[in-house]
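Listed here are the chains, written in short residue letters.
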Amino acid sequence: ERYELLSGMGMVWEEKESKWEQCYQRLVGYNAAHGHPNVPQTDAGEELLGAWVANQRYRHKRGLLRRDRHFRLTMLGFSWGLRTDWNSSFLEILLLKQRHGHAELPKGADGHLARWVSIQRNKAVSGKMPPGHRRALEGVGFMTDVYAISWDRYFA
């Protein structure tokens, strides 16, 4: 009876459980604001939440994440693997093209998509980009050739 009364008043019995729940609720808020729950560790102002998200992936990969937590994160739309992350970033490029008529980020753009774009261009230049990724990106007008981008920006 005392347990129920104290619990109803907000008593925290398990600190780790409470911290996980607090982070999960922050993730729910992030998801509502950004349309996805996949917080990068480098997202300005969200570094701690990004680290928590990375830790959930790590725990899942090692079989250490409880099933109920895995279920809740999955239901939120959580991406467990990098392949899904590539696809979600590619979808952001598609949305950019739909909104602005082109698939190029503004000069000086920052954030996770800008970092993803930089990684894709580096892979293209070094020859490490999978051919399917190159075809998909070039198919929507995304330029993988940094020299062509410079030419178009300054001389077109």
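Residues numbered from 1 in each chain as written. Predicted model: local features only at pLDDT ≥ 70, side-chain atom pairs only at ≥ 80, totals over all residues. Heavy atoms only, no water.

## What to know about the confidence of the model for the protein
The pLDDT averaged across the protein works out to 80; a share of 78% of its residues lies at or above 70. The secondary structure element of the protein with the lowest average pLDDT is helix α8 (residues 146–155), at 53, and the one with the highest is helix α4 (residues 67–75), at 93. (pLDDT = per-residue confidence, 0-100. Helix = DSSP H or I, 4+ residues; strand = E, 2+ residues; numbered from the N terminus.)

## Remarks on helix α3 (residues 47–61)
Taking 1.5 Å of rise per residue, the 15 residues of α3 would be expected to cover 21 Å, and the 21 Å separating its terminal C-alpha atoms lies within 8% of that figure. By the burial criterion, the buried members of α3 are L49, G50, W52, V53, Q56 and R57. Angular distribution of buried residues about the axis of α3 spans 160 degrees; they occupy a single face of the element. With respect to the buried face of α3, the exposed residues turned more than 90 degrees away are L48 and K61. One or two residues past the end of α3 sits G63, with phi positive at roughly 75 degrees. (Expected span 1.5 Å × (residues − 1). Buried < 20%, exposed > 50% of the residue type's maximum accessible area, 1.4 Å probe, protein only. Arc of directions from axis to C-beta.)

## Here's the deal with the nonpolar core
Counting residues in hydrophobic clusters, the biggest one holds 15 residues, and the most contacted among them are I93, W116, L137 and F142. Looking at this core, the elements that each hand over two or more residues are α5 (82–100) and α6 (112–126). Among the elements that make up this core, the one with the highest residue count is α6 (5 residues). Here L137 is in contact with W86, F90, W116, Q120, M129 and F142, once residues within four sequence places are set aside. The next biggest cluster of nonpolar side chains, apart from the first, holds 12 residues, and it includes L27, W52, L65 and L73. (Core = buried A, V, L, I, M, F, W, Y, C linked by side-chain atoms within 4.5 Å. Contact = heavy atoms within 4.5 Å.)

## Notes on the packing of aromatic side chains
The final tally for this structure, using the stated rule, is 5 aromatic pairs. We note R57 situated over the ring of F78; from NZ or CZ to the ring centre the distance is 4.8 Å. (Phe/Tyr/Trp six-rings, centres within 6.5 Å; stacked < 30°, edge-to-face > 60°. Lys NZ or Arg CZ within 6 Å of the ring centre and 35° of its normal.)

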